[in-house]
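# Residue-level structural notes
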Amino acid sequence: MADLSVNICGIESPNPFWLASAPPTNTGEQVMRGFDAGWGGAVWKTLGEPIVNVDSRFGAVDYSGTKVIGFNNIELITDRPLDANFKEIYEVKKQYPDNVVIVSLMVESKEEWREIIKRSEDAGADGLELNFGCPHGMCERGMGSAVGEEPKVLQEITSWAKEFSSVPVFVKLSPNVIDIRDPGIAAVKGGCDGISLINTIKSIIGVDLDTLVPKPSVGKESTHGGYCGPAIKPIALHMAAVLAKDPQINVPISGIGGISNWQDAAEFLALGATTIQVCTAVMHYGYRIVDDMIDGLNNYLNEKGMRSTSELTGQAIPGFVEWGELDLNYDLIAKIDADKCIGCGLCYVACLDGAHQCIHTQKGPCHAWHGKPDHGFGPRTEVKPAVWHDGGDTAMSHVPFVDEEECIGCNLCMLVCPVPDCITMEEVSQTKVKESWADRVAKSRT
Amino acid sequence: MNDDTSSKLTISPDRLEKKFADYKPLYTESEALIEANRCLNCYDAPCISACPTGIDIPAFIKKIATGNIIGSAKVIFEANMLGYSTGRVCPVEDLCVGACVYNDLNYSPIQIGRLQRYATEKALEKEVSTGKKLFPRNSRKSEKKVALIGAGPASLACAAYLALDGVEAVIFEKDGLPGGLNTMAVAPYKFQTEDSINEANWILQHGVELKTGIEIGKDISLEQLIDEYDAVFIGIGLGTDSRLDLPGSDGPGVWGATDLIRQIKNNPDFSLPEDLNTALVIGGGNTAIDISRELAMLGAEDVRMLYRRSRKEMRGYDHEIVGASHYGVRLVENVTPLEVVRHGKKVKALKVSSTISDDTFELPCDWVVEAVGQLKHVSDVSPEIEVDEMGRLIVDSETRRTAHPKVYAGGDCINGGKEVVNAAQDGREAAFDMLKSWGISPSLHGKKYFKSFFTYNGH
Ligand SMILES: Cc1cc2nc3c(=O)[nH]c(=O)nc-3n(C[C@H](O)[C@H](O)[C@H](O)COP(=O)(O)OP(=O)(O)OC[C@H]3O[C@@H](n4cnc5c(N)ncnc54)[C@H](O)[C@@H]3O)c2cc1C
Ligand SMILES: Cc1cc2nc3c(=O)[nH]c(=O)nc-3n(C[C@H](O)[C@H](O)[C@H](O)COP(=O)(O)O)c2cc1C
Ligand code: SF4
Ligand code: SF4
Ligand code: SF4
C-alpha cells in the first residue's frame, strides 16, 4: 500500500481527496458521511452573510446519451445561518480529528473578515479558503469573482486574512481571467499559504427551445452560471499546471475542476497539485466514488513503483513546455491493425475531411471513377497498401490503409477509431537529434 | 396515419391473430435514445449496403438521437415508402443488422429495425397530431396515369412515388383488402392486419386510388389497361399454395400454409379446434417455420416440421428456426410424406418415408400443413407475358421494365418470393424509371438517394 497521506501547508490529510466547497459540504451530517466514505478532507460550503437562493439552480450538458458531462449552477453561498454552520464544524472536527476541515469564506468589509475568521478558528477549522471565484450573484455585490478578477483587491483581502488568521489560508481562484498567473501571483504577494483552483467558469448551459428561455430557468428568465464537471477538466489542468510551473508561485496547489476518478486526480497531481477537490462528480454519484479513487490511485502508485502521493506530485511538469521548445524532428505515422479493424470508415472520413487525405480504402468512393483505390484527389505518391485484404466485397474490404508518405502524424484517426488499440501512432523520426523552433530562431541569429 | 379524405379500410377486430403479442414492441423514448446513441455513424456504412432499398441508416439513427423524428422518418421514406412495415418485418439479422460493424467487435449490433419502427411510427403519430404532412401532396399534376395490378408492397411503393410527383396512380386489387402478404401472411407477432391496412391507408392519402375486388385477367384484361394508361405495373406476387396432392389429403385437417395463416390473420370466424394436439408441417422454408411457430404459440401441444433433407439444407433463416424452437417446435429431418391416413373423416396420421433409408412409418397427427411454396400465376393476368423457366416474370434488372415498353413489374412475381423490402425497392425503381422516361425528375430521388459504392455481400 502506497502512502496516500499528504501534508499541505502543514495540514496533515489522510489522502489527497477533498470535497470541494459546494452542496456536498453544506452540512455537518453530510461532511461526516463523506469522511466515513473515505474523503480525506472537506472544504465547507462558503460561509458569509446568508443569502436567498433561487429555483431552479442547476443545468447540465448531456452528450450522445451520456448524462452531465458538464454542469452549471446559479447557486450562491450558504443559505443557512452562520451559527448552525459553526456549531456543525465544531462537531465534525471533534468527531473526526484526523480529517481536514477547511472553511470557505466570502464577506465584504475588513471587519467582517476579522469576525468570520475568528469564528472559523474557534470552531476548529484546519485552514481557510477565500472564495474569490464564484462567478455569479456574489460578484455583483463586490465579492467572489469580482475580487478574483481584480488582482489588487485580491492581494489586499488576502493580506487581511493572513493578518487575522493563525491557520493556513488558501485562495480559491476564478478561471474567468485572461492569465491565471495575475491573480495567482497577487495571492502569493498577499501572503497566502496555498492556492485552490479552479472555481466555475461563466456560462450559459443552454436554451430551452420550447420556451426560448436560457437554462436553468427561473420562471421566464435565467442568468449566467458557473460551469463545472468533466468538460472543464482540460481548462482546470492547464491553469493548475501554469501556476505549478511558474517560479513566482511558491505555494502548494489544491487542484479542482472536472475530477471524477483517480485518473483525473493523478493527472492533477502529476501537473503539480498536492491535494485535489471534487464537487460535480459527488453531486452526480455520491460520496462513494472516493472508494475507487483511493483504490485506483494506490494501485497506480504501486505499479509505478512510487511509495507515496508526493512522489507523483509535479512529475509531468518538466514535460509541460512552450510550443517553441517542442522537437520539430519528431515524426509519427498512423498504423492500422487490420485484424482489429471493423471497417466503420470513421478514420477514413476524418482524415479525408478533417486532416490530410491520406487514408484510403481499397474501393473508396472514387475508385469507381478512377479505377484505382483512392479518394479521388489522389495520393501524391504511389500508394502501396500496407494491408491488402482479400479485396472481395466483404466487410473486411472496408479496412482502410494509411499512405505512410503523406501521413502527418496528427492523431486524428486514432482518436476517432472506436476499436481500442486498432490505430496506433508509430515513431518514424529520421534523426534523434532534437531541434525546436526556439533552436532554429537562435541559430538564425548567430 | 389515416386521412379523412381517403376511404378508411378496416377489418373486424375479433381475430385469432390478436392473441399474439408484439415480439419487438415499439421502443420507449429512452430505449430509442440509448440505442441510437450507440450507433457509430459509420462512413459509407456496411449496413446501408446491406439494405435492399439503401436507406441511409446512420443518418436516420443520428436524427433520432438529436430528437429530429420527422427528419429521421423522411430519410427512411425517401428510400423506402414501406419503411414502417419493413422496420417491423424485415429479416434484419440477414440484412442491415447482420452487416453492422458491431458484429465484428463481438458486441450486440445496432437494432436498426426497431429504431426504424420507432422513427416511422412516431413521425406518423406526429403527422396526425399536428396535421402537418411529411410529404404534402404535390400540387403540380402531370398528365400521366399508371395502373398498378395488386395492392401488395411492390405496387404500394411504386404508386406512392408516382403520386408524390403528380402522376395519377390507380391500383387494382382482386382482394377486399390492400397490403398483399403484409396483410395476409406476415407473422402476427411481427405485424398485424390493422398495421398493414394503416400503412396502406397512409400511402393512399398521398393521392393513390385503390379499386378492390377487381381481378386483372378476369374482370379487366391487361391489354385494356395498357391501352388506357401510360404505363402498367404488375405487382401480383405469387399465387395460392402449391399442393402435394397426397392420397387422403382431400378433406378437413389438411391445409395449405398461407391459406391457414390467412385464416388466423384475417378471418374473424376462425378458431383452432379444441382437440388440436399434433400438427405436422411439411416444408423447410420460412413459411413452414412461421406457421409452425404460430400454431405452437396458439397452443398446439406438438408441432413438428418435416423436411426432406437435413437442417443445414433448409431454406428458412437460422434465426427463425431458433425462434420457433423456443416455442417447442421440433424438426424431423430426412422424411418425405406419402399419404394422409384418415379415421373416418378425421386425420389420424401422416405416412412418411425416410429419404436416407428404406423405412416407412406413420406419424400420428391431427393436422397436416403443407408449406411447399406458392404457385406462379403470371399467366392468369395474361398468357402473353414472358416468364423464365421458374415462372418468374422477366424484367430489366435496373429499370424493372418488361419486354413491353409500357409494362413494368416488381416484387415476388419477378423474384420468385423474397421479402417486402425487395418488393418496395422494385416499386421505387420502376416508378423512377417511369418518371424519368416522362421527363419528370423524381422529387424524393435527389442527392439523398444513397447509393453505396461498396456492395455488401454478407460475412
Ligand atoms: C407466410 C409468409 C410470411 C412472410 N413473412 C415475411 C416477413 O416476415 N418479412 C418479409 O419481409 N417478407 C415476408 N414475406 C414475403 C413478403 O410478404 C413478400 O415478399 C411481399 O409481400 C411481396 O410483395 P408483392 O407486392 O410482390 O406481392 P404480394 O404481397 O403477394 O401482393 C400481391 C397482391 O396482388 C394481388 N393480386 C394478385 N393477382 C392479382 C390480379 N390478377 N389482379 C388484381 N390483384 C391481384 C394479391 O391479392 C395481393 O394483394 C412472407 C411471405 C409469406 C408467404
Ligand atoms: C452547485 C454548486 C455550488 C457551488 N458553490 C460553491 C461555493 O459555495 N463556494 C466555492 O468556493 N465554490 C463553489 N462551487 C464550485 C466548486 O467548489 C468547484 O470549484 C467547481 O464546481 C469545479 O469542480 P468540479 O468540476 O469538481 O465540480 C460550487 C459548484 C456547484 C456546482
Ligand atoms: S495521423 Fe492524421 S494525417 Fe495521419 S492518417 Fe491519421 S488522420 Fe491522417
Ligand atoms: S476507425 Fe478504426 S475500426 Fe474504423 S475503419 Fe478506421 S481503423 Fe477500422
Ligand atoms: S454499421 Fe452499425 S454502427 Fe455503423 S452506421 Fe450502421 S448501424 Fe450504425
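Residues numbered from 1 in each chain as written. Chains lettered and ligands numbered in written order. Predicted model: local features only at pLDDT ≥ 70, side-chain atom pairs only at ≥ 80, totals over all residues. Heavy atoms only, no water.

Time to look at the site of ligand 5. The immediate surroundings of ligand 5 are formed by B:Cys39, B:Leu40, B:Cys42, B:Ala45, B:Cys47, B:Pro58, B:Cys100, B:Val101, B:Ile110 and B:Ile112. Grouping the constituent residues of the shell around ligand 5 by class yields 10 nonpolar, no polar and no charged. (Near = heavy atom within 4 Å. Nonpolar A, V, L, I, M, F, W, Y, C, P; charged D, E, K, R; others polar.)

Residues and elements named next belong to chain B. The domains assigned to chain B are domain 1 (16-130), domain 2 (145-239 + 375-437) and domain 3 (254-370). Here domain 1 and domain 3 have C-alpha centroids that lie 33 Å from each other. For the pairing of domain 1 and domain 3, the buried interface totals around 920 Å² over both sides, and the portion due to carbon and sulfur atoms is 66%. Our count for the domain 1 to domain 3 interface comes out at one salt bridge. Here Lys 265 makes a salt bridge to Glu 17, at a shortest N to O gap of 2.7 Å. Within the side of domain 1 that touches domain 3, the residues separate by chemical class into four nonpolar, no polar and four charged. (Domains from an automatic or database assignment. Buried area = accessible area lost by both parts, 1.4 Å probe. Salt bridge = Lys/Arg side-chain N within 4 Å of Asp/Glu carboxyl O.)

What follows covers the packing of helix α8 (residues 153-164) of chain B against helix α17 (residues 420-437) of chain B. Pairs of packed helices are described in terms of their axes, by the angle between the two and the distance that separates them. Residues and elements named next belong to chain B. Where α8 meets α17, the axes come as close as 7 Å, and the angle between the chain directions of the two elements is 35°. The handedness of the crossing between α8 and α17 comes out as right-handed. Each of Pro 153, Ala 154, Ala 157, Cys 158, Tyr 161 and Leu 162 in α8 lies in contact with α17, whose residues at this interface are Val 420, Ala 423, Ala 424, Gly 427, Arg 428, Ala 430, Ala 431, Phe 432, Met 434 and Leu 435. Tallied by class, residues from the contact of α8 with α17 come to 14 nonpolar, one polar and one charged. (Axes fitted to C-alpha atoms, helices over the stretch in contact; angles between N-to-C directions. Helix = DSSP H or I, 4+ residues; strand = E, 2+ residues; numbered from the N terminus. Left-handed = near helix turned anticlockwise from the far one by under 90°. Contact = heavy atoms within 4.5 Å.)

Take the site of ligand 4 next. Taken together, 13 residues are adjacent to ligand 4, and A:Cys341, A:Cys344, A:Gly345, A:Cys347 and A:Cys417 come closest. Broken down by class, the residue content of the shell around ligand 4 amounts to 11 nonpolar, two polar and no charged.

We now examine the pairing of strand β9 (residues 169-172) of chain A. Residue and element names in this part refer to chain A. Both faces of β9 are covered, namely the face carrying Val 169 and Val 171 and the face carrying Phe 170 and Lys 172. Where strand β8 (residues 127-131) and β9 come together, four bridges link them in parallel fashion. From the neighbouring strand, Leu 128 faces β9, where its bridge partner is Val 169. Both β9 and strand β10 (residues 194-197) contribute to a ladder of three bridges, which runs parallel. Looking at β10, one finds that Val 171 is bridged to Ile 195. (Buried < 20%, exposed > 50% of the residue type's maximum accessible area, 1.4 Å probe, protein only. Pairing = 2+ DSSP bridges.)

Right, let's talk about the side chain of B:Ser155 for a bit. All names here are of chain B. For Ser 155, the location among the structural elements is in helix α8. With a relative accessible area of 0%, Ser 155 lands in the buried category. In this structure the side chain of Ser 155 is engaged in a polar contact, spanning 2.6 Å, whose partner is the backbone oxygen of Gly 150. (Polar contact = N/O pair within 3.5 Å; in protein donor to acceptor, adjacent residues only side chain to side chain.)

All names here are of chain A. The N-to-C vectors of helix α1 (residues 28-37) and helix α2 (residues 82-95) enclose an angle of 25°; their axes lie 9 Å apart at closest approach. For the element pair α1 / α2, the angle class is roughly parallel. Between α1 and α2 the crossing geometry is right-handed. On α2, the residues touching Gly 28, Val 31, Met 32 and Phe 35 of α1 are Glu 88, Val 92 and Gln 95. Among the residues making up the contact of α1 with α2, the classes are represented as four nonpolar, two polar and one charged. (Parallel < 35°, antiparallel > 145°, perpendicular 65-115°, else oblique.)

This part is about the sheet that holds strand β16 (residues 273-278) of chain A. Residue and element names in this part refer to chain A. What the eight strands build is a closed barrel, ordered β3-β4-β7-β8-β9-β10-β15-β16; its pairing is parallel. Along the sheet, successive strands turn relative to each other by an average axial angle of 25°, direction set aside. Packed onto the sheet, helix α10 (residues 290-304) meets β3 (17-19) and β16 and runs at close to 160° relative to β3.

Moving on: helix α1 (residues 29-38) of chain B. Buried residues of α1(B): B:Ala32, B:Glu35, B:Ala36 and B:Asn37, and no others. Elements that come into contact with the buried residues of α1(B) comprise α3 (57-65) and α7 (112-130) of chain B.

Residue and element names in this part refer to chain B. Here the structure, examined in full by the defined rule, presents 46 salt bridges over all chains. Here Asp 388 and Arg 392 are joined by a salt bridge, their closest N and O atoms 2.9 Å apart. For Asp 388, a relative accessible area of 19% translates into the label buried. A single salt-bridge network, built from bridges that share partners, covers Arg 15, Glu 17, Lys 18, Glu 194 and Lys 265.

Turning next to unusual backbone geometry. Residues and elements named next belong to chain A. Cis geometry marks the peptide bond from Leu 197 to Ile 198, where omega comes out at 10°. Secondary-structure assignment places Ile 198 in the loop between β10 and β11 (201-203). A cis amide bond links Lys 215 to the next residue, Pro 216, at an omega of -10°. Here Pro 216 lies in the loop between β13 (213-215) and β14 (225-228). Although it is not a glycine, Cys 9 adopts a positive phi angle of roughly 55°. You can see Cys 9 is positioned in the loop between β1 (6-8) and β2 (11-13). For Asn 411, which is not glycine, the phi dihedral falls at a positive 90°. By relative accessible area, Asn 411 is classed as partly exposed at 25%.

Attention now goes to the confidence of the model for chain A. The share of residues in chain A with pLDDT of 70 or more is 92%, and the mean pLDDT across the chain is 90. Considering only residues more than four positions removed or in separate chains, one finds that residues 364-396 of chain A, a stretch of pLDDT under 50, has 65 contacts. (pLDDT = per-residue confidence, 0-100.)

This next bit is on the pairing of strand β4 (residues 41-47) of chain A. Residue and element names in this part refer to chain A. For β4, a buried count of seven out of seven residues is recorded, marking the element as mostly surrounded by other parts of the structure. You can see the chain leave β3, run along α1 and come back into β4, and the turn it takes is right-handed. Relative to strand β7 (residues 100-105), β4 is paired through five bridges, and the arrangement is parallel. Across the sheet, Val 43 pairs through a bridge with Ile 102, a residue of β7. (Right-handed = clockwise from strand over helix to strand, strands pointing away.)

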